[in-house]
Amino acid sequence: MLAVALSGCVSDPYDEAAAEAARQEEISKNMASVFGVTFSASQDWSSTQSGSVTIVANADMDDIVKVQVLSCSPFGGSDANGAVVLNEAKVSKGQTVTLAYDAPSYRNRIYAACVASDGTYRIKGFEPQAKTTVSFAAATAQKAQSRAAATRALPENVTLGRTEASYSSQRASDASNSAFALWANDGWEGETLYQLADKDETPQRIYVDDFTDDERADIADIVATYLPNAQWVNGRRINNNREKIVNSDIVRLENNYITTTGEEPITVAPIYQNGGNEINNCHLYYYYYKPEQIAGMTEAEQVEFFKQLPKYKAVQLWRVFNPNQEVSYLPKATVKRVQAFTLLYWGDGTPTLNQTVGQYVFPAGYKIGMMLRSIQGDRSASRTDNGCLYGDGRLNVAINQYGSFANANLEPADPRIAIFGANGKTYMCFEDGTDQDFNDLILEMDGGVVPFGQQPELDKNVYTFCFEDRDAGDYDLNDIVIKAQRIDQTHVKYSLEACGANDELYLRNINGVLFNDNTEVHQYFGVSQNQFVNVSVSDEMGVVQEVVTVDASFSFADAACQPYIYNKTMGREVRIATAGEDPHGLMIPFDFCYPVECTCIKDAYTLFNNWGQGDVMATDWYLYPTEGKVVTRSGF
């Protein structure tokens with residue numbers, strides 16, 4: 001009897017394992033029913049890549065107040081794919097600091113940045129995950145070397161050899177042709193183009209170093225971020241880059257004129273083209289004036305003044321990159337720099353052919369405008385696809401309404417050339433056709449121009465932790481939603497955003513004062529345990545936030561640092577999912593719009609199942625929510 005009694009009190013050592021196996025089987029059956037697919041056994045449910053980078057704060061800037069790790073180029077906007085700060089530290093110029101970071105896994109290049117007190121940026125890219133050191137000194141030295149080489153290479157006694165009437169002027173003079181009525185009444189007659197006397201018309205050409213692979217990647221990212229390619233919409237290519245261009249302060253207030261410093265030669269280097277072959281038949285011209293020359297003029301008087309200014313040839317684009325061949329073409333959609341061309345100052349007023357000698361350094365304070373002359377094979381002024389395109393949109397009123405150029409749907413006074421500043425350089429971008437992407441040609445300007453500095457206003461990145469509180473869940477992943485933001489090396493801001501559960505739940509591993517192990521989650525919102533919070537589109541209850549101190553090596557992707565929940569009702573911990581598990585907890589390196597109550601994540605995000613099955617093309621699935629099926633509000 002004693003033996004029987006003892007055997008009845010001793011637990012079978014395999015019961016617990018059997019119970020867990022049965023539990024996992026039920027989870028698998030429920031998951032298959034909810035998602036309708038089988039997920040890859042190797043899917044680790046991570047959307048993040050982590051690492052550290054050592055940054056030397058030695059960029060070519062007057063002062064440096066902080067360094068940052070950025071998700072991508074900061075030049076061009078902060079949309080869903082825009083730049084955010086992954087980590088930062090306060091420094092002074094010359095200091096070195098190591099920053100840990102957690103970046104979206106689909107990024108194959110992220111950026112170190114030096115930031116000045118006025119908010120201007122210098123950036124340099126690197127491959128994530130690998131331990132690396134980023135120094136800006138090489139770029140600074142190369143910039144100085146390029147300027148020195150430009151000064152040494154310039155020939156002497158460069159003169160002007162001939163003139164040519166602009167297309168606008170030719171059309172305006174043909175008053176008998178009704179097709180040219182717009183020009184005939186627009187005051188263009190007399191506009192003169194000046195050509196250099198040298199036989200190939202490019203004596204001011206300088207051969208310069210091509211970009212390094214790292215520089216090329218940086219510029220390609222800047223271009224793609226600031227001026228993304230046009231997309232096909234309803235059978236035609238269109239883009240909204242026009243809105244970015246015409247609404248910028250530079251276009252609206254300066255009309256795309258650069259200002260001279262009077263210190264160095266000004267060079268322009270074609271570095272990128274993404275237009276058709278027509279770009280290779282274009283010539284670039286420039287003109288200039290002193291601001292006091294237009295003081296007191298009405299806008300209409302200024303426009304007439306600009307029309308009659310001499311226009312000087314700067315670049316024959318068809319000779320660029322391979323000057324030893326009779327004709328060569330800019331490689332389409334390739335970042336490349338081989339030649340630069342100086343802009344010469346020919347004095348004020350009308351120059352004298354073969355006598356006026358150009359100077360390589362402009363006096364300070366002049367304004368320079370650009371014109372692109374598009375030539376479609378036949379130089380006849382009667383061709384509707386030949387035209388002169390200006391950065392000053394007020395000079396485009398005729399061309400924007402004429403022939404094939406009118407198909408661009410630009411406003412009459414919209415620019416065709418725009419200026420933007422990025423990474424300490426000034427760039428000019430061109431729209432030669434109708435798709436409004438303004439990346440048909442890009443020039444890098446250097447030397448004696450006042451730089452256009454961009455001061456991007458970047459947010460700190462937000463990381464989202466979403467949990468399903470029960471084994472047989474509906475996978476709306478809103479039972480607990482926590483968002484977090486790394487403020488700097490040693491501070492993280494946590495935000496409790498939502499609770500879509502009735503169970504008794506507790507937060508774990510945040511290690512704050514407010515966010516502790518003993519406060520039930522519903523109490524943070526001041527509601528009863530049977531009330532949901534912020535899990536519908538119309539919910540307006542506030543969030544609860546606290547800043548906590550962390551170690552400098554802290555990583556959101558490190559399981560030892562991640563928050564998790566304790567479900568006291570079920571007696572279970574719920575942590576971020578790992579390989580071989582169901583997606584009961586996800587960490588997303590983004591300010592994630594989580595699903596509304598009772599909406600499975602696969603329905604809120606139609607690429608989720610693809611990602612779960614191992615589709616590497618769907619690693620950014622969380623950027624594409626289904627409208628009406630997610631909560632879009634956020635405490636950040």
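No experiment lies behind these values; they were computed from the predicted model shown.

Undergrad: Please give an account of the pattern of salt bridges that cites residues and values.
TA: This model, assessed by the stated rule, comprises 25 salt bridges. The partner of Lys29 in a salt bridge is Glu25, and the shortest N-O contact between them spans 3.6 Å. Here Lys29 pairs with Glu25, and both are found in helix α2 (residues 15-35), just four residues apart, close to one helical turn. Here Asp210 makes a salt bridge to Lys336, at a shortest N to O gap of 3.7 Å. Residue Asp210 is located in the loop between β10 (205-207) and α6 (213-226), and its partner Lys336 is located in the loop between β16 (311-316) and β17 (339-343); the two are separated by 126 residues in the primary sequence. Using a relative accessible area of 26% as the deciding quantity, one classes Asp210 as partly exposed. A relative accessible area of 27% means that Lys336 is categorised as partly exposed.

Undergrad: Go over unusual backbone geometry, please, and point to the residues and values.
TA: Of note in this structure, Trp45 is not a glycine but carries a positive phi near 65 degrees. One can find Trp45 in the loop between α2 and β1 (48-56). According to the relative accessible area criterion, Trp45 is buried, its value standing at 3%. Of note, the phi angle at Phe438 is positive, near 55 degrees, even though the residue is not glycine.

Undergrad: Give a description of the environment of Thr350 that names residues and reports values.
TA: Following the sequence through the fold, Thr350 ends up in the loop between β17 and β18 (367-374). Separated by 41 residues in sequence, Thr350 and Leu309 place their C-alpha atoms 8.5 Å apart.

Undergrad: Help me get a handle on the packing of aromatic side chains, residues and values and all.
TA: Taken as a whole, this structure holds 44 aromatic pairs when the rule is applied. Ring geometry for Phe35 against Phe608: centres 5.8 Å apart, planes inclined by 25 degrees, an arrangement best described as stacked. Here Phe608 lies in helix α12 (residues 608-612) and Phe35 lies in helix α2, a separation of 573 residues in the sequence. The burial state of Phe35 is the same as that of Phe608; both residues are buried. Ring geometry for Tyr288 versus Tyr345: centroids 5.5 Å apart, planes at 50 degrees, classification tilted. Pair noted here: Tyr288 is in strand β15 (residues 282-289) and Tyr345 is in the loop between β17 and β18, with a separation of 57 residues, a long-range link. With relative accessibility at 7%, the residue Tyr288 sits in the buried group. Aromatic ring contacts, followed pair by pair, group Phe35, Phe39, Trp45, Tyr106, Tyr475, Phe590, Phe592, Tyr605, Phe608, Trp611, Trp621 and Tyr622 into a single cluster. Here the basic side chain of Lys244 rests over the ring of Tyr226, its NZ or CZ set 5.1 Å away from the ring centre.

Undergrad: Could you give an account of empty space enclosed by the protein, naming the residues involved and the relevant values?
TA: Counted according to the given criterion, the structure contains two cavities of 30 Å³ or more. Volume-wise, the second largest cavity comes out at about 30 Å³. Along its surface, the second largest cavity is lined by Ser168, Trp183, Trp188, Cys388, Tyr390, Leu395, Ala398 and Ile399. Of the residues assigned to the lining of the second largest cavity, the class counts are seven nonpolar, one polar and no charged.

Undergrad: Please give an account of the sheet that holds strand β4 (residues 96-104) that cites residues and values.
TA: Ordered in space as β4-β1-β7, the three strands form an open sheet in which the pairing is mixed. At either end of the open sheet lies a strand with only one pairing partner, and these are β4 and β7 (132-135). Neighbouring strand axes in the sheet, compared pairwise and without regard to direction, differ in orientation by 35 degrees on average. Where β1 lies against β7, four bridges are found, and the strand directions are parallel. Residue pairing in the sheet places Val53 in a bridge with Thr132 of β7.

Undergrad: Before we move on, could you go through the environment of Asn354 and cite the residues and values that matter?
TA: Residue placement: Asn354 occurs in the loop between β17 and β18. Judged by its relative accessible area of 51%, Asn354 is exposed. Taking C-alpha positions, Asn354 is 9.8 Å from Asn157, a pair spaced 197 residues apart along the chain. Beyond its immediate chain neighbours, meaning those up to four positions away, Asn354 contacts Thr159, Leu160, Gly161 and Ala197.

Undergrad: Report on the nonpolar core, specifying residues and quantitative values.
TA: A general tendency of soluble globular proteins is for nonpolar side chains to be buried together. Tyr286 and Leu343 are the most contacted members of the largest nonpolar core, which has 71 residues in total. Tyr286 has contacts with Pro310, Lys311, Tyr312, Lys313, Ala314, Leu343, Leu344, Trp346, Phe362, Ile368, Gly369 and Met370, leaving out every residue within four places of it along the chain. The next biggest cluster of nonpolar side chains, apart from the first, holds 53 residues, and it includes Leu86, Ala112, Ile480 and Ala501.

Undergrad: Lay out the sheet that holds strand β26 (residues 505-508) with the relevant residues and their values.
TA: Strand order across the open sheet formed by three strands is β26-β28-β29, with antiparallel pairing between neighbours. In this open sheet, the two edge strands, each paired with only one partner strand, are β26 and β29 (572-574). Neighbour-to-neighbour, the strand axes of this sheet turn through a mean angle of 25 degrees, independent of strand direction. The sheet contact formed by strand β28 (residues 564-567) and β29 spans three bridges and is antiparallel. Note that in β29 the partner of Ile565 across the bridge is Val574.

Rules and cut-offs
Residues numbered from 1 in each chain as written. Predicted model: local features only at pLDDT ≥ 70, side-chain atom pairs only at ≥ 80, totals over all residues. Heavy atoms only, no water. Salt bridge = Lys/Arg side-chain N within 4 Å of Asp/Glu carboxyl O. Helix = DSSP H or I, 4+ residues; strand = E, 2+ residues; numbered from the N terminus. Buried < 20%, exposed > 50% of the residue type's maximum accessible area, 1.4 Å probe, protein only. Phe/Tyr/Trp six-rings, centres within 6.5 Å; stacked < 30°, edge-to-face > 60°. Lys NZ or Arg CZ within 6 Å of the ring centre and 35° of its normal. 1 Å grid on protein atoms, 1.4 Å probe; cavity = no way out; pocket = protein on both sides within 12 Å on 5 of 7 lines; lining within 4 Å. Points joined across faces, edges and corners; volume = space filled by probe spheres on them. Nonpolar A, V, L, I, M, F, W, Y, C, P; charged D, E, K, R; others polar. Pairing = 2+ DSSP bridges. Axes fitted to C-alpha atoms, helices over the stretch in contact; angles between N-to-C directions. Contact = heavy atoms within 4.5 Å. Core = buried A, V, L, I, M, F, W, Y, C linked by side-chain atoms within 4.5 Å.

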